[in-house]
Amino acid sequence: AQSVTQLDSQVPVFEEAPVELRCNYSSSVSVYLFWYVQYPNQGLQLLLKYLSGSTLVKGINGFEAEFNKSQTSFHLRKPSVHISDTAEYFCAVSDPRGGSQGNLIFGKGTKLSVKP
Amino acid sequence: ETGVTQTPRHLVMGMTNKKSLKCEQHLGHNAMYWYKQSAKKPLELMFVYNFKEQTENNSVPSRFSPECPNSSHLFLHLHTLQPEDSALYLCASSQDGSSYNEQFFGPGTRLTVL
């Protein structure tokens, strides 16, 4: 079974500073990896996903993530954050074999707070 | 309406009430999901429907009963809930149940059980 660990429950950062949100996963098989964002009073929205190929994945709103198989990590980065990036960010994995194993497994989330 | 909509957005109910949550997707998708989001816990998958067939029941208590009359609509019927069932209930849809597909989420129903 897969699991996802987001080590930081809260990350405060100043506007225009860089940010990295950490995600590690545990799995005995290859996985698909996702980052979702949840703005206040909204549902989740996909930022980016890694299925295969290039380990550096670019997503919406200037975010990118890098898949590191040896470290079983998929950290999310943005070089310069805006106030509007204040939200909760969720890392998730799924099993390419599909079926019940193919359902998304989420981390507990990281609340990013961008201060002026 | 576009995307995934959920009604009501807020619901307060007593433990003996019966209520239903509604989800509708306007994306032409064939898979729909119910998730429970509680504070300080990961999102918990409750039910999955793929082409109107229930393909996942993640050990959810029987006081939660899903219904999927067609690919566009999903309901969650609630009966004799407990205070610990208070949470944000999120509905999502995807093209089909494949594990690589993006899921599109509704805004959720904030449920409070008194």
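Higher on the page you've got the structure.
Being a predicted model, the structure only gives us computed values, none of them experimental.

Here's the deal with the interface of chain B and chain A
At step 1: Contacts between chain B and chain A engage 22 residues on the former and 23 residues on the latter.
At step 2: Here chain B and chain A share an interface that buries about 1600 Å² over both sides, 53% of which is from carbon and sulfur atoms.
At step 3: The largest share of the area that chain B buries against chain A comes from S99(B), Y100(B) and F105(B), three residues that together contribute 32% of it.
At step 4: At the boundary of chain B with chain A, the tally comes to zero salt bridges.
At step 5: Counting residues per element, the side of chain B that touches chain A draws most heavily on strand β4 (residues 31-37) of chain B, at three residues.
At step 6: Its residues assigned to classes, the side of chain B that touches chain A comprises eleven nonpolar, six polar and five charged.

Let's talk about the sheet that holds strand β1 (residues 4-7) of chain B
Residues and elements named next belong to chain B.
At step 1: Spatial strand order, β1-β3-β8-β7: four strands in an open sheet with antiparallel pairing. Each edge of the open sheet is held by one strand with a lone partner, namely β1 and β7 (64-70). Going across the sheet, the axis of each strand differs from the next one's by a mean of 20°, ignoring polarity.
At step 2: With five bridges joining them, β7 and strand β8 (residues 73-79) adopt antiparallel strand pairing. Bridging from a neighbouring strand, E67 pairs with F75 of β8.

The rules behind each value
- Residues numbered from 1 in each chain as written.
- Chains lettered and ligands numbered in written order.
- Predicted model: local features only at pLDDT ≥ 70, side-chain atom pairs only at ≥ 80, totals over all residues.
- Heavy atoms only, no water.
- Contact = heavy atoms within 4.5 Å.
- Buried area = accessible area lost by both parts, 1.4 Å probe.
- Salt bridge = Lys/Arg side-chain N within 4 Å of Asp/Glu carboxyl O.
- Helix = DSSP H or I, 4+ residues; strand = E, 2+ residues; numbered from the N terminus.
- Nonpolar A, V, L, I, M, F, W, Y, C, P; charged D, E, K, R; others polar.
- Pairing = 2+ DSSP bridges.
- Axes fitted to C-alpha atoms, helices over the stretch in contact; angles between N-to-C directions.

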